Amino acid sequence: MGHGGVLLDCFCVLLGCAVITSALLYPQESETREVKPLDGVWKFRLSPADKPDQGFDEEWYNNELKEWINMPVPSSFNDITVHANVRDYVGWVWYQRDFFVPKRWQQDNIGVYLRFGSVHYTAIVYVNGHLVTEHYGGHLPFQGEVTNLLNYGASNRVSVAVNNTLTTHTIPQGSVLHTNDTDMYPKGYILNTYTFDFFNYAGIHRPVVLYTVPQSYIDDITVQTDVEGETGIIKYEVSHNTVGNDVNESDHCKVLLISGSKILLENIGCSGELRITSAKLWWPVYMHVSPGHRYKLQVFLVSQDGNYLDIYSLYVGIRKLDWKNGGLKLNHKAVYLRGFGKHEDSNIRGKGLDFPLIVRDYNLIEWVGANSFRTSHYPYAEEILEMADMLGIMVIDESPAVNLEHKRVMEELVQRDKNRACVIMWSLSNEARTLRQQAGPYYSELVNYTKSLDDSRPITFVTNQGYNVDNAAEHVDIIGVNRYSAWYSDTGLLDLIPRQVMSLITEWHDHFNKSIYISEYGADAISGLHTLPAFTWTEDFQVDLMKRHFKAFDILRKEDYFIGEMIWNFADFATRQDYTRVVGNHKGMFTRERQPKESAYALRARFELLAEEEIKKVSKL
């Protein structure tokens with residue numbers, strides 16, 4: 001059976017049958033480390049539809065690709081060309097590029113890793129014809145050691161086989177249909193369908209880097225923070241390793257806590273606690289005059305004779321979350337979320353990392369007065385979360401499983417984002433089939449497992465089931481509810497919205513006695529389309545629908561258990577071709593080009609009022 005058959009029929013690795021090489025610390029340059037970016041224009045080739053395993057059979061990874069085209073990395077490959085067969089391709093594609101490695105890396109006797117920020121969805125990586133690593137599921141980083149595979153002082157070649165086929169066992173899910181009706185379809189024609197409402201973009205979506213570590217190096221850092229009165233507490237644990245995985249037990253750690261250019265504290269030991277009197281805490285925007293404050297935690301791995309073996313710096317925001325007595329509190333103050341569901345999505349680039357887009361989005365978030373977003377429906381790029389940390393934007397960090405969950409995915413997600421102050425909740429799923437009886441024990445186990453990885457944040461999930469049939473909600477700490485009153489139900493009947501929203505939230509709280517937030521509501525609006533009176537699909541209808549929801553929210557937010565409102569969506573985004581979608585989903589406050597609709601101005605007016613309330617509270621402190 002070829003690689004295509006293995007992918008479609010088994011996907012064994014998702015069930016724990018293969019070793020996944022997770023990436024730990026984000027690559028950074030320091031006195032002891034180097035980073036070499038491999039982004040740029042790569043060679044790219046589709047596998048023939050009738051010979052999906054040809055690249056493996058002919059060992060394309062051993063030779064220069066033939067019949068290739070140019071493909072930017074990072075980006076989705078779908079919208080780069082002008083050909084529908086590339087945009088809609090399902091199966092194996094191949095990426096390849098050559099790169100140079102300096103001779104001194106070998107002379108310095110260092111370790112070298114090849115790291116991918118994310119590849120959608122299956123990746124098999126080769127360097128100079130040798131298998132390096134495999135990874136299954138997009139949105140999260142992975143890496144492999146290539147120290148002994150490189151040609152130092154010479155040219156090297158990396159080849160990556162990528163497959164975007166979605167099955168009932170992949171994350172996210174899809175279905176593969178082998179058609180037999182030759183009156184309707186050519187012989188051997190395959191249909192790959194999926195139920196989630198965003199386009200199945202694929203490719204190398206985030207940065208690719210080579211990075212070096214010394215022979216003895218800092219492998220991972222875990223921090224947890226707390227607040228006692230005016231004292232900020234940082235508990236840290238550092239793990240270290242060697243390139244040969246033979247840890248030298250005589251190596252030890254020195255840790256500095258730095259604010260600006262001033263060293264505040266120093267500690268010896270690879271685990272410990274730092275206590276900062278009159279600490280500057282990490283606050284979200286509008287809850288403090290200096291949001292997003294972080295300290296620099298500089299970690300030194302030190303040899304027995306006092307030499308610095310490795311140096312790594314981590315920026316840490318000190319804050320405390322509390323959700324166990326109702327509501328959600330940060331640094332002992334109640335939090336009310338106002339924000340969006342978003343997507344990593346833009347013209348041409350698809351889901352590819354795009355720094356101009358990232359900065360533009362945060363400018364729009366600031367302009368509209370939001371304080372939070374949910375990474376619907378998958379973990380966003382590390383670079384996006386880094387800006388959230390800096391700016392004081394709260395993030396609900398969601399699993400990349402729209403209809404399916406898995407412990408491995410949560411483990412990789414928590415490992416990647418555990419040290420980020422901006423991450424205030426782990427979201428296990430969006431709109432899963434939680435009305436099924438087996439959802440109860442499944443979510444109970446998943447919640448407990450995630451808490452074993454990190455118990456400093458509440459666990460949430462997002463549901464569109466009724467409160468009386470949902471079998472998972474009892475197991476999470478905070479419940480997110482999606483409901484599209486006057487859109488998907490009672491379409492056009494705007495007057496029903498306040499009553500329905502009030503009843504919905506009240507029933508959920510009364511049944512489970514948990515904190516609730518609206519995780520999605522909204523309506524599609526085609527930019528520039530207007531009617532009087534308002535009619536569905538117009539900007540006027542979208543604004544009217546929002547204002548009816550605001551009436552309900554203003555009543556509900558007087559209750560401690562109602563902790564936020566997140567509209568769907570921040571910006572219009574691409575979906576699969578469907579007669580219910582007019583070139584994508586148009587529920588955005590902004591167009592796909594990041595220009596405001598009328599709804600953005602309406603949302604800004606509301607969020608500014610809510611922000612003013614928070615600012616008044618801050619001024620009284």
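Everything numeric in this text was worked out from a predicted model, so none of it was measured.

A. The UniProt feature "domain: Glycoside hydrolase family 2 catalytic" (unreviewed entry) in the chain, seen in detail. Here, the residues flagged by UniProt with the feature "domain: Glycoside hydrolase family 2 catalytic" (unreviewed entry) are residues 324–404 and 405–609. Here residues 405–609 is 35% helix and 15% strand, with 38 Å between the C-alpha atoms at its ends.

B. Highlighting the packing of aromatic side chains. Applying the stated criterion across every chain yields a total of 33 aromatic pairs. Ring geometry for tyrosine 61 against tryptophan 94: centres 6.4 Å apart, planes inclined by 20°, an arrangement best described as stacked. Taken together, the positions of tyrosine 61 in the loop between helix H2 (54–57) and strand E3 (69–73) and tryptophan 94 in strand E4 (residues 92–101) put the pair 33 residues apart, joining distant regions of the chain. Comparing tyrosine 61 with tryptophan 94, the two get one shared label, buried. Relative to phenylalanine 590, the ring of phenylalanine 570 lies with its centre 5.2 Å away and its plane at 45°, an arrangement referred to as tilted. Pair noted here: phenylalanine 570 is in the loop between strand E32 (562–568) and helix H11 (598–619) and phenylalanine 590 is in the loop between E32 and H11, with a separation of 20 residues, a long-range link. For the pair formed by phenylalanine 570 and phenylalanine 590, the shared burial category is buried. When the ring centre of phenylalanine 373 is taken as reference, the NZ or CZ atom of lysine 342 above it lies at 5.8 Å. Over the ring of phenylalanine 570 we find lysine 342, and its NZ or CZ is 4.7 Å from the ring centre.

C. Summary view of the state of the cysteines. Applying the stated criterion across every chain, the model contains one disulfide. Cysteine 253 shares a disulfide with cysteine 270; S-S distance 2.1 Å. Judged by the sign of its S-S torsion, about 85°, the bond between cysteine 253 and cysteine 270 is right-handed. Here cysteine 253 is found in strand E17 (residues 252–259), whereas its partner cysteine 270 is found in the loop between strand E18 (262–268) and strand E19 (271–276), with 17 residues between them in sequence. By relative accessible area, which is 0% here, cysteine 253 ends up buried. By relative accessible area, cysteine 270 is classed as buried at 18%.

The rules we used
- Residues numbered from 1 in each chain as written.
- Predicted model: local features only at pLDDT ≥ 70, side-chain atom pairs only at ≥ 80, totals over all residues.
- Heavy atoms only, no water.
- UniProt positions renumbered as here; feature names shortened; annotations may be inferred.
- Helix = DSSP H or I, 4+ residues; strand = E, 2+ residues; numbered from the N terminus.
- Phe/Tyr/Trp six-rings, centres within 6.5 Å; stacked < 30°, edge-to-face > 60°.
- Buried < 20%, exposed > 50% of the residue type's maximum accessible area, 1.4 Å probe, protein only.
- Lys NZ or Arg CZ within 6 Å of the ring centre and 35° of its normal.
- Disulfide = S-S within 2.5 Å.

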